[in-house]
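So the chains spell out like this:
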Amino acid sequence: MAKLILSMDNMVLKEIPLDKERTMIGRKAHNDIQIDNLAISGEHAVIVTILSDSFLEDLDSTNGTFVNGQQVKKHFLQNNDVIELGKYRLKYVKEAPQQAAQADFEKTMVMRPDMLRKVAEQASSVKPAEAAAMMPPVNLAPPPAAPVAPPTAAPSSESALPLGAIQVLTGSTAGKTLDLVKPLTTLGKPGVQVAVIARRPHGYFLTHVEGPKFPLVNGAAIDVQAHGLQDHDIIELAGVKMEFFLKG
């Protein structure tokens, strides 16, 4: 799990685990990370954590949000990034190891941890005599007819969704194909332009994360909202053209 280390004047104040989808930072008391300083806006910034990745967004603060000395509006956080808020520092530490990148246009996600652990069944403590007393009487009547098997459940909409993929059309990795098997796939180049493709039960959606310009889909820039992708859409991101398609 990733965490933030809050410090001021090289003195560590506390550590904050990023165990929520949205972690608010600001001067007001309702923020998850409250920094009571006039240089910090009431709601200064937010960190959005999706699976194992975190994205920082400035919330139109008065004095701005800086990462590693550069002012940012949106930023894809990487291990050891330092968020600067006035005299305060928030160091981003990602403790989980990252898998190797499949190509220079893709940042491979860390596999999602198992959030739904199976509870182990407890061993029965009933004694043999008690177990015998609890057994129902033997039924000598003819066995009933075999029960009719219940109808097979219809496949879920997610399983019915065709597998999506991206094929790179330009650049050094032209011709490479990436199957979108993960719930969230991050594409682009950190510090230049980053977007994510989310696999949802009803389709695939492209969302802008970082960079002054929004990605293009079929030559038109998307906006801040998630953009639904259609078969054979052409995406332009970080100087690379790629085609989204459904494998059926």
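Above this text is the structure in question.
Analysis parameters
Each chain carries its own residue numbering, running from 1 in the written order of its sequence. Only residues with pLDDT of at least 70 are given local features in this predicted model, and only at 80 or more are side-chain atom pairs given and counted; all residues enter the totals for whole chains, interfaces and linings. Computation of side-chain values covers all heavy atoms of the structure but excludes hydrogens and water. Working definition of a nonpolar core: buried Ala, Val, Leu, Ile, Met, Phe, Trp, Tyr and Cys residues. They are joined through side-chain atoms within 4.5 Å. Partly exposed describes any residue whose relative accessible area lies between the buried limit of under 20% and the exposed limit of over 50%, with all areas from a 1.4 Å probe on protein chains only and scaled to the type maximum. Only DSSP runs of H or I covering at least 4 residues are called helices, and only runs of E covering at least 2 are called strands; the numbering of each starts at the N terminus. Working rule for contacts: check all heavy atoms of both residues, and any pair within 4.5 Å makes them a contact. Strand pairing requires that DSSP identify at least two bridges connecting the strands. Between 30 and 60 degrees the pair is tilted, below 30 it is stacked and above 60 it is edge-to-face, where a pair is any two Phe, Tyr or Trp rings, Trp via its six-membered ring, whose centres lie within 6.5 Å.

### Digging into the nonpolar core
Next, step 1: Among the nonpolar cores identified, the biggest contains 20 residues, and Leu-4, Ile-35, Ile-47, Leu-56, Ile-83 and Leu-90 are the most heavily contacted of them.
Next, step 2: Elements with a minimum of two residues in this core: β1 (2-8), β5 (45-50), β10 (82-85) and β11 (88-94).
Next, step 3: Excluding residues that lie within four positions of it along the chain, Leu-4 makes contacts with Lys-14, Glu-15, Ile-16, Leu-18, Ile-33, Ile-47, Ile-83, Leu-90, Lys-91 and Tyr-92.
Next, step 4: One finds Leu-178, Ala-195, Tyr-204 and Leu-237 within the second-largest nonpolar core, a separate group that totals 19 residues.

### A short note on the pairing of β1
Next, step 1: With six of seven residues buried, β1 lies mostly within the body of the structure.
Next, step 2: Taken together, the seven bridges between β1 and β11 define a ladder with antiparallel strand orientation. What sits directly across from Ala-2, in β11, is Lys-94.
Next, step 3: Looking at chain direction, β1 and strand β2 (residues 11-17) are connected through six bridges and run antiparallel. Bridge pairing in β2 places Ile-5 opposite Glu-15.
Next, step 4: The antiparallel hairpin formed by β1 and β2 contains two residues in its connecting segment, where Asp-9 sits at a positive phi of about 55°.

### Observations regarding the sheet that holds strand β19 (residues 220-221)
Next, step 1: An order of β14-β13-β22-β21-β18-β19 is seen for the six strands of this open sheet, with the pairing classed as antiparallel. Whereas interior strands pair on both sides, the edge strands pair on one side only; in this sheet they are β14 (177-179) and β19.
Next, step 2: Taken together, the three bridges between strand β13 (residues 164-168) and β14 define a ladder with antiparallel strand orientation. Residue Ile-166 lies in a different strand from β14, and its bridge partner there is Leu-178.

### With respect to the pairing of strand β3 (residues 22-26)
Next, step 1: Most of β3 sits inside the fold, with four of its five residues counted as buried.
Next, step 2: As paired elements, β3 and β5 share four bridges and run antiparallel to each other. Across the sheet, residue Met-24 finds its bridge partner in β5, namely Val-46.
Next, step 3: As defined by bridge partners, β3 adjoins strand β4 (residues 33-34) across two bridges and the pair is classed as parallel. If you follow Ile-25 over to β4, its bridge partner there is Ile-33.

### Describing the packing of aromatic side chains
In this description, an aromatic ring pair is defined by two values, namely the gap between the centres and the angle between the planes.
Next, step 1: Inspection of every chain in the model, using the stated rule, returns two aromatic pairs.
Next, step 2: Judged by centre distance (5.3 Å) and plane angle (50°), the rings of Phe-55 and Phe-76 are tilted. A residue pair is termed long-range when its members are at least 10 positions apart, and Phe-55 in strand β6 (residues 53-58) and Phe-76 in strand β9 (residues 74-76) qualify at 21 residues. For the pair shown, Phe-55 and Phe-76 are each scored as buried.
Next, step 3: With centroids separated by 5.5 Å and ring planes inclined at 55°, the aromatic side chains of Tyr-204 and Phe-244 adopt a geometry described as tilted. Of this pair, Tyr-204 sits in strand β17 (residues 203-210) while Phe-244 sits in strand β22 (residues 240-246); the two residues are 40 residues apart in sequence, bridging distant segments of the chain.

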